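Topology and contacts: notes
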Amino acid sequence: MKRESEINTDTIIRKIEELEVDSSPLARDYTDLGYAYIKHVERMEKILGISDKFYSDLKNTSEQLLLTQEALRENEEKFISIFQKTPDPILIVNESFRITEVNRWFESVFRRPRETVIGEHLDDIAIHITGAGIREIIGGTEGDVHAYHAEMNIMNGCGNPFTADVSFSPIRIRNEPCLIIQIHNIDDIRKAHNAVSQVNQKLKILTSVTRHDILNRVMVISAYSEIIKEDITDPKMKKRIEAISKSSDEIKTLINFTREYEELGSAEPAWQSPDEILARPMLRNMIPCLSPGSSLEGLEIYADLMLEKVFYNLIDNSFRHGADVSNISLSYHLQSNGELIILYEDDGGGVIPEEKTQIFKKGFGKNTGMGLFLISEILSITGMSITETGEHGKGVKFEIRVPAGMHRIALKK
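Rules used throughout
- Residues numbered from 1 in each chain as written.
- Predicted model: local features only at pLDDT ≥ 70, side-chain atom pairs only at ≥ 80, totals over all residues.
- Heavy atoms only, no water.
- Helix = DSSP H or I, 4+ residues; strand = E, 2+ residues; numbered from the N terminus.
- Buried < 20%, exposed > 50% of the residue type's maximum accessible area, 1.4 Å probe, protein only.
- Contact = heavy atoms within 4.5 Å.
- Areas by Shrake-Rupley, 256 points an atom, 1.4 Å probe, with all protein chains shown as cover.
- Pairing = 2+ DSSP bridges.
- Axes fitted to C-alpha atoms, helices over the stretch in contact; angles between N-to-C directions.
- Parallel < 35°, antiparallel > 145°, perpendicular 65-115°, else oblique.
- Left-handed = near helix turned anticlockwise from the far one by under 90°.
- Nonpolar A, V, L, I, M, F, W, Y, C, P; charged D, E, K, R; others polar.
- Phe/Tyr/Trp six-rings, centres within 6.5 Å; stacked < 30°, edge-to-face > 60°.
- Lys NZ or Arg CZ within 6 Å of the ring centre and 35° of its normal.
- Expected span 1.5 Å × (residues − 1).
- Core = buried A, V, L, I, M, F, W, Y, C linked by side-chain atoms within 4.5 Å.
- Patch = residues over 30% accessible without salt bridge, like charges linked within 9 Å, V, L, I, M, F, W, Y side chains within 5 Å.
- Salt bridge = Lys/Arg side-chain N within 4 Å of Asp/Glu carboxyl O.
- Polar contact = N/O pair within 3.5 Å; in protein donor to acceptor, adjacent residues only side chain to side chain.

A word on the overall build of the protein. Across its full length, the protein holds 11 helices and 12 strands. Counting only residues that meet the buried cut, the protein has 32% of its 413 residues in that class. Of all intrachain contacts in the protein linking residues separated by at least 6 positions in sequence, the fraction that spans at least 24 positions is 58%. Put simply, the protein shows about 26,400 Å² of open surface, and 55% of that area lies on carbon and sulfur atoms.

Listed below in structure tokens is the structure:
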């Protein structure tokens, strides 16, 4: 069905066509008036079209705004729920380190109602963080700075001190930079850690004394075995004495190994440069045949402080069992999954396929059977592993796998 404006326009056009044959002044006036009306109708049609589009756009925008407001409301409810129900004291401070909000656990731990805390400075509740580092965090945006952790001694509302892991994360509230602070009580963990450290220290002293006493007695056995061996001429008896002497030497080796094994994990792991370790005089003198192309330059790995033993035992293993080793090479490459592989290769005899999975077991091998076992144990402390993937007759190829996050490439100084 046609709109009224369209019907009126068609009628006027027909009238204009009828009057065009009439040359009288009145006919021309009606014709001009008709054309003016048609232009007015066309102009109104355009305005109505624009109005319809504007209304449609406004409706879509309003619907989108409602959806956005609903999503914001849901997110706000989730935030409030997490903020209030997290079983740790949480507070929010502005860029002046003034408290703007606290949760219920804060009120419970510090015995301070919310309304008495709002507006106070952070130092007023015994959390002293006014250093430049924290100011830089609060001045950043959420995407630029990660959470910052610090261990602090804090006083609760009853006047009792406790150790806490305090995390600081930058957020924005109403486009203003703020800091959300979570206080996690680690007093029990710290006490347990200290108790374990004390027990370990006592065990270390006990094993050290015991090891010393055993070695003294083994030395007596070895010394008397040598004296008796010189006085005995009976071949059978001499052979038995030699077995006793050999056993005492093996006991000495095992006892000395316990000293090395005891050092595993005795200190915190640290970032270390394998290239710098290999450059130390003791290791450098062991490997004059190191391939010129070998390089672990720039590589740092997070490992136990006995990492030097890993390279020492690998090199020692090459010369003990490698059958005329003339070349040793080291290199590394990064995998697509973020894992890094350090390759240690020599041109000796290699390992027979049947023994590839056995060589890292304690006691396996021609010597003490402890070297490769110790390597595996040292590496496992920080999640690393070692396998032998070489071809028998062409030398060994040890692959040390370093998990993502446990390696980094240091910038050249």
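This part covers the sheet that holds strand β5 (residues 176-185). Strand order across the open sheet formed by five strands is β2-β1-β5-β4-β3, with antiparallel pairing between neighbours. A single partner strand is all that each edge strand has here, and the edge strands are β2 (99-102) and β3 (148-155). The mean inter-strand angle of the sheet, taken between neighbouring strand axes irrespective of direction, is 30°. Bridge count for β3 against strand β4 (residues 161-173) is eight bridges, and the pairing is antiparallel. Within β4, the residue paired with Met155 across the bridge is Pro161.

Glancing now at the packing of helix α10 (residues 307-321) against helix α11 (residues 371-380). With their axes 9 Å apart at the nearest point, α10 and α11 run at an angle of 150° to one another. On the basis of their axis angle, the class for α10 and α11 is roughly antiparallel. Crossing geometry of α10 relative to α11 is assigned as left-handed. For the pair formed by α10 and α11, the contact residues are Leu307, Lys309, Val310, Asn313, Leu314 and Asn317 on the first element and Gly371, Leu372, Leu374, Ile375, Ile378 and Leu379 on the second. Here the residues of the contact of α10 with α11 sort into eight nonpolar, three polar and one charged.

Let us now look at the packing of aromatic side chains. Aromatic rings in a pair are described by how distant their centres are and how their planes are angled relative to each other. This model, assessed by the stated rule, comprises four aromatic pairs. Ring geometry for Tyr344 and Phe398: centres 6.2 Å apart, planes at 45°, overall tilted. Here Phe398 lies in strand β11 (residues 397-402) and Tyr344 lies in strand β9 (residues 340-346), a separation of 54 residues in the sequence. Here the two residues Tyr344 and Phe398 agree in accessibility, since each one is buried. Taken together through their ring pairs, the aromatic side chains of Tyr344, Phe360 and Phe398 make up a single cluster. Seen from the ring of Tyr312, Lys309 lies directly overhead, with NZ or CZ sitting 5.6 Å from the centre. The cationic tip of Arg408 hangs over the ring face of Trp271; the distance from NZ or CZ to the ring centre is 4.2 Å.

Look at α10: 21 Å from first C-alpha to last across 15 residues, which is about the 21 Å you get at 1.5 Å a residue. Of the residues making up α10, those classed as buried are Leu307, Val310, Phe311, Asn313, Leu314, Ile315, Asn317 and Ser318.

Core analysis: the biggest nonpolar cluster contains 34 residues, and Leu314, Phe398 and Ile400 have the highest contact counts within it. When contributions to this core are tallied by element, the ones reaching two or more residues are α8 (274-278), β7 (299-303), α10, β8 (328-334), β9, α11 and β11. Within the second largest apolar cluster, 20 residues are counted, among which are Leu91, Val93, Val102 and Met152.

We now examine a nonpolar patch on the surface. A cluster of nonpolar side chains, namely Val220, Tyr224, Ile227 and Ile228, defines an oily patch on the protein surface of about 380 Å² accessible area. Mapped onto the elements, Ile228 comes out in helix α6 (residues 187-231).

On to the environment of Glu388. On the secondary structure map, Glu388 appears in strand β10 (residues 385-388). On the basis of relative accessibility, which here comes to 5%, the residue Glu388 falls in the buried class. It is 9.5 Å that separates the C-alpha atoms of Glu388 and Phe360, two residues lying 28 residues apart in sequence. Glu388 has contacts with Val351, Lys356, Ile359, Phe360, Gly395, Val396, Lys397 and Phe398, leaving out every residue within four places of it along the chain. A polar contact of 2.3 Å, which involves the side chain of Glu388, links it to the side chain of Lys356. A distance of 2.9 Å separates a polar side-chain atom of Glu388 from the backbone nitrogen of Gly390.

This next bit is on the pairing of β2. By the bridge criterion, three bridges tie strand β1 (residues 90-94) to β2 in an arrangement that is antiparallel. Paired with Leu91 across the strands is Val102, a residue of β2. Here β1 hands over to β2 after four residues, with Phe97 in that stretch at a positive phi of 65°.

Only one face of β10 is buried: it carries Ile386 and Glu388, and the other face, with Ser385 and Thr387, is open. Judged from the four bridges that link them, β10 and β11 form a sheet pairing that is antiparallel. By the bridge assignment for β11, Ile386 is matched with Ile400.

With that settled, consider the pattern of salt bridges. This model, assessed by the stated rule, comprises 11 salt bridges. One salt bridge connects Glu339 with Arg401, and the closest N-O pair in it is separated by 2.8 Å. Taken as a pair, Glu339 in the loop between β8 and β9 and Arg401 in strand β11 lie far apart in primary sequence, 62 residues in all.

On to the sheet that holds β8, then. On the basis of which strands lie adjacent, the open sheet formed by four strands has the order β8-β9-β11-β10 and antiparallel pairing. The open sheet terminates on both sides in strands that have one partner only, identified here as β8 and β10. Neighbour to neighbour, the strand axes of the sheet diverge by 20° on average, direction disregarded. Pairing of β8 with β9, which is carried by seven bridges, proceeds in the antiparallel orientation. Along β9, the bridge assignment pairs Ile328 with Asp346.

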